[in-house]
Amino acid sequence: MACIEAHGLRKVFGATVALEGVDLCVERGRILGLIGPNGAGKTTVLNAIAGLIPYEGELKVLGRDPWAERELLTRDVAFMADVAVMPRWLRVSQALDYVAGVHPRFERAKAEAFLEKTGVRPSSKIQDLSKGMVAQLHLALVMAVDAKVLVLDEPTLGLDILYRKQFYDSLLNDYFDRSRTIILTTHEVAEIQHVITDIMFIDAGRIVFRSTMEELDSRFVELTVHPEQLGAARTLRPIHERQILGRTFLLFDGIDLDRLAALGEPRTPGIADLFVAVIGQAAGQAQGAGR
Amino acid sequence: MNPPSNVVPELPEPESSVPAAIARTRPFYWSVRRELWENRFVSLGPVVVAAVILIAFLINAIHLAGRPGAVLELHIPNQPNPIEQPYAIAAILIVVSGLLVGAFYCVEALHRERVDRSIVFWKSLPVSDVTTVLSKAAIPLVVLPLLVAGVIVVTHLGMLLLNLLVRLASGAGLVALRAQTPLVELWIALLYGVAALALWYAPIYGWLLLVSGWARRAVFLWASLPLIAVSILEKIAFSTSYFASFLGYRFSGWWPEAFRSQRPCCVPHPLRTLAPGTLLSAPGLWIGLAIAAIFLAGAARLRRHNGPI
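Since we're looking at a predicted model, the values are computed, not measured. In every chain, residue numbers begin from 1 and rise along the written sequence. Just so you know, chain letters begin at A and ligand numbers begin at 1, following the order they were written in. This being a predicted model, a pLDDT of at least 70 is required before a residue's local features are given, and a value of 80 or more before pairs of side-chain atoms are given or counted; all residues contribute to the totals for chains, interfaces and linings.

Asker: Residues and numbers for the overall build of chain A, please.
Answerer: Helix numbers and strand numbers start at the N terminus; a helix is a DSSP run of H or I with at least 4 residues, a strand a run of E with at least 2. Looking only at helices and strands, one finds eleven helices and 13 strands in chain A. Against the compact-globule benchmark of 19 Å for 291 residues, chain A has a radius of gyration of 21 Å, which places it among compact chains. The dimensions of chain A, computed from C-alpha atoms along their principal axes, are 65 × 40 × 35 Å. Across the 291 residues in chain A, those meeting the buried criterion constitute 46%. At a minimum sequence separation of 6, the contacts of chain A that also span at least 24 residues come to 71%. Atoms counted for the radius of gyration: C-alpha only. Globule rule: 2.2 Å times residue count to the power 0.38. Any residue whose C-beta has 12 or fewer other C-beta atoms within 10 Å is treated as exposed, any with 20 or more as buried, and any in between as partly exposed, C-beta atoms being built from the backbone. It is the C-beta atoms, placed from the backbone, that decide contacts: two residues are in contact if theirs lie within 7 Å.

Written out as structure tokens, the structure reads:
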């Protein structure tokens, strides 16, 4: 069953088209990573899903229209942006009091138990906590409302590498189970490679690529090609080619692994490499079409 | 609440609709508390002013007590009693501090959450924009008037006590303390006065909240300069000053509508100076409240579309 479903989602800010007909469908129990360059429309998609902005086209989250029913949906849909959106003047205990006061599904004991593990003191003000602790606090609130859908917009922005890892560990170990759904964006694509189950690339307001991670692993191969085999490898039409320190890496889509193994050392590509290849290809096609 | 027919079965609609109806006021209550947490000056402002007044009054009372008889000698018929005058001055100062706090609060209320980006966090919780705006409007319209009235009563009691102590200590007579004006009646008149003032000023607070939710920066200038500009424009272009007198009426019109000619602080029966009938039948009150409602609706609509700036 689709938890998030969009058809022809479009958003225009003044003269700028932020989203140009986005279709997406996120099933329950999936973790979708939405990857794109700056200004591609990632945040706009998430803001629309969280009911923060109006949009054109059709969008349903848990069967509801987020813009028309934001207040109702926020009971089941949690939204986390980077830690800077947490009000700095708020005390941890006040944050718990407030969310307990306004959220019908908030389980305070759950949040407190989680916070106890993280060493965040209830009397602390958010401005006195480290960014990592603020992220943990926000995650504690989200976990305690038992949200069915979690929308994460650059949740680890500004966190150092230890806290980023800790954040995703908490997310997977303490929050995520197969009954929940997560959609997230981040610039640190390498970090979410083993977190997400589905991936989408967005560029200039359009979804340019979508795949499950299983499919990605079986479909794409990055080959460190033997120099003498370069010509032969190129005839298999790699989708991307890059050279580092005199070695050539070719990225293939849907080519048999055995054939590639004869030409060099195959491995599963990183999301970042795939991203560069796909976005580069899309840009090339757009240029070609322009001509 | 009519859920759409294609609601997915995951949403616990039937069980949550009843508690939701009961708990409708809870988000409002907690939002008001949230405002008080964030804006400590709302509760502290009038209290600090009252503390300063009490200290000043203590010094003054010691000074007066050193001159026995001075009080009675100074008493001139139809003039404010010199003992009661400080009570009135204290009340006026605290009311004015409440007005300033209220105005300052409104200017910030819907602006700061956009500047510090916390609006994203608040909007991720199940609190509607209408509830948020109403909770913010409740600060100058309900919380501050009650606080101001309470602080005035406590300040008056403190002044009375100080007066008493100083006079007993200095051996001065308590005769002059038998005030012309009964304090309890005065307090009721005060409560009525601050309530009338809050209702009368509702469109001013509403306007400040609206501009606070609209302006990207310099909220106070956006709230005040256009009004001044329109007044000047009208004066120069048409040699009339309807807009300026309309504004003047909004700022000072409440007093003649809410009270009879005498000041409640200085008469034997303060309650007789109240004119609630006149106030409630004044079109200015109801027009003002209607305009305030429009401004607040506008502020809620703006907030719905607003994000961080």
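Asker: Please give an account of the overall build of chain B that cites residues and values.
Answerer: Across its full length, chain B carries 14 helices and zero strands. Its helices and strands in sequence order give chain B the pattern α-α-α-α-α-α-α-α-α-α-α-α-α-α, from N to C terminus. Relative to its 309 residues, chain B shows a buried fraction of 35%. The long-range share in chain B, meaning contacts at least 24 apart out of those at least 6 apart in sequence, stands at 81%.

Asker: So what about the nonpolar core? Which residues, and what values?
Answerer: Generally speaking, nonpolar side chains in soluble globular proteins are found buried as a group. If you look at the biggest cluster of nonpolar residues, it comprises 100 residues, and the most contacted ones within it are A:Val77, A:Leu137, A:Val151 and A:Ile183. In terms of residue count, the dominant contributor to this core is helix H5 (residues 131-144) of chain A (ten residues). Counting contributing residues, this core receives three or more from each of domain 1 (2-204) and domain 2 (215-290) of chain A. With near-sequence residues (within four places) excluded, A:Val151 lies in contact with A:Leu46, A:Ile49, A:Ala50, A:Val77, A:Ala78, A:Phe79 and A:Ile183. One nonpolar core equals one set of buried Ala, Val, Leu, Ile, Met, Phe, Trp, Tyr and Cys residues connected by C-beta atoms within 7 Å. One finds B:Val95, B:Tyr105, B:Leu141 and B:Ala223 within the second-largest nonpolar core, a separate group that totals 59 residues. Residue ranges labeled as domains rest on an automatic or database domain assignment.

Asker: Tell me about the packing of H5(A) against helix H6 (residues 161-175) of chain A, and please be specific about residues and values.
Answerer: Residue and element names in this part refer to chain A. Orientation is described by axes fitted as lines to C-alpha atoms, over the contacting stretch for helices, and by angles from 0 to 180 degrees between their N-to-C directions. Taken N-terminus to C-terminus, the directions of H5 and H6 make an angle of 15°; their axes are 10 Å apart at the nearest point. Between H5 and H6, the interaxial angle falls into the category roughly parallel. For the pair H5 and H6, the crossing hand works out as right-handed. Along its contact with H5, which presents Lys 131, Gly 132, Ala 135, Gln 136, Leu 139, Val 142 and Met 143, the element H6 presents Tyr 163, Gln 166, Phe 167, Ser 170, Leu 171, Asp 174 and Tyr 175. Looking at the contact of H5 with H6 residue by residue, the classes come out as eight nonpolar, four polar and two charged. Orientation categories follow fixed angle ranges, with anything under 35 degrees roughly parallel, anything over 145 roughly antiparallel, 65 to 115 roughly perpendicular, and all other angles oblique. Each crossing gets its hand from how the near helix is turned against the far one by less than a right angle, where anticlockwise is left-handed and clockwise is right-handed. Classification used: nonpolar for Ala, Val, Leu, Ile, Met, Phe, Trp, Tyr, Cys and Pro, charged for Asp, Glu, Lys and Arg, polar for all others including Gly.

Asker: Give me the lowdown on the pairing of strand S1 (residues 2-13) of chain A, citing residues and values where you can.
Answerer: For two strands to pair, DSSP has to find at least two bridges joining them. When S1(A) meets strand S2 (residues 16-27) of chain A, the two strands line up antiparallel, connected through nine bridges. Considered in S2(A), the bridge of A:Glu5 is made with A:Cys25.

Asker: Run through the sheet that holds strand S3 (residues 31-35) of chain A, naming residues and quoting values.
Answerer: Picture the strands of a sheet paired through backbone hydrogen bonds; they go either parallel or antiparallel. All names here are of chain A. The strand order S5-S6-S7-S3-S8-S9 describes an open sheet built from six strands, whose pairing is mixed. A single partner strand is all that each edge strand has here, and the edge strands are strand S5 (77-80) and strand S9 (206-212). This sheet shows a mean twist of 15° between the axes of neighbouring strands, independent of strand direction. Of the pairings in the sheet, the one linking S5 to strand S6 (residues 149-153) comprises four bridges and is parallel in character.

Asker: Residue-level account of H6(A), with values.
Answerer: Side chains of residues three or four places apart in an α-helix project in the same direction, reflecting 3.6 residues per turn. Residues and elements named next belong to chain A. A helix is expected to span 1.5 Å for every residue after the first. The end-to-end C-alpha distance of H6, which contains 15 residues, comes to 20 Å, matching closely the 21 Å that a straight helix rising 1.5 Å per residue would cover. The complete set of buried residues in H6 reads Arg 164, Phe 167, Tyr 168 and Leu 171. Buried residues of H6 fall within an arc of 85° about the axis and therefore sit on the same side. Facing away from the buried side of H6, by more than 90 degrees, are the exposed residues Leu 162, Asp 169 and Asn 173. On its buried side, H6 packs onto H5 and helix H7 (189-192). Of all possible arcs, the one meant is that of the directions from the helix axis to the C-beta atoms.

Asker: Please give an account of the interface of chain B and chain A that cites residues and values.
Answerer: Taken together, the 29 residues of chain B in the interface contact 26 residues of chain A. Secondary structure elements with two or more residues in the side of chain B that touches chain A: helix H1 (13-22), helix H2 (25-38) and helix H7 (118-123) of chain B. No other element matches the seven residues that H2(B) contributes to the side of chain B that touches chain A. A class-by-class count of the residues in the side of chain B that touches chain A yields 16 nonpolar, six polar and seven charged.

Asker: Quick rundown of unusual backbone geometry? Include the residues and the values.
Answerer: A positive phi angle, near 50°, is found at A:Glu154, a position not held by glycine. Take A:Glu154: there are 19 C-beta atoms within 10 Å of it, and that puts it in the partly exposed class. Positive phi is not limited to glycine here, since B:Ser239 has a value of about 55°. In this structure, B:Ser239 sits in the loop between helix H10 (219-238) and helix H11 (242-252).

Asker: Pulling in residues and values, what's your account of the sheet that holds strand S13 (residues 264-267) of chain A?
Answerer: Residue and element names in this part refer to chain A. Spatial ordering of the open sheet is given by S11-S12-S10-S13, a layout of four strands whose pairing is antiparallel. Each of the sheet's edge strands pairs with one partner strand only, and the pair in question is strand S11 (240-244) and S13. On average, each strand axis in the sheet is tilted by 25° relative to the strand beside it, whichever way the strands run. Sheet topology note: the S11/strand S12 (residues 247-253) ladder contains five bridges and is antiparallel. Following the sheet pairing, Ile 244 is matched in S12 by Arg 247.

Asker: Go over the domain arrangement of chain A, please, and point to the residues and values.
Answerer: Residues and elements named next belong to chain A. Here chain A is partitioned into domain 1 (2-204) and domain 2 (215-290). With centres defined by C-alpha atoms, the gap from domain 1 to domain 2 works out at 33 Å. Counting from both sides, the interface comprises eight residues of domain 1 and, opposite them, eight residues of domain 2. Secondary structure elements with two or more residues in the side of domain 1 that touches domain 2: H7 and strand S8 (198-203). Among the elements that make up the side of domain 1 that touches domain 2, the one with the highest residue count is S8 (three residues). Looking at side-chain class alone, the side of domain 1 that touches domain 2 contains six nonpolar, one polar and one charged residues.

Asker: Describe the pairing of S8(A), with residues and values.
Answerer: All names here are of chain A. The element S8 is largely enclosed, with a buried count of six among its six residues. On S8, burial covers both faces: Asp 198, Met 200 and Ile 202 on one face and Ile 199, Phe 201 and Asp 203 on the other are all buried. Note that S8 and S9 share six bridges and pair antiparallel. The partner of Met 200 across the bridge, within S9, is Arg 210. Remark: two residues form the turn of the hairpin made by S8 and S9, two consecutive strands paired antiparallel; Ala 204 in that turn has positive phi of roughly 50°.

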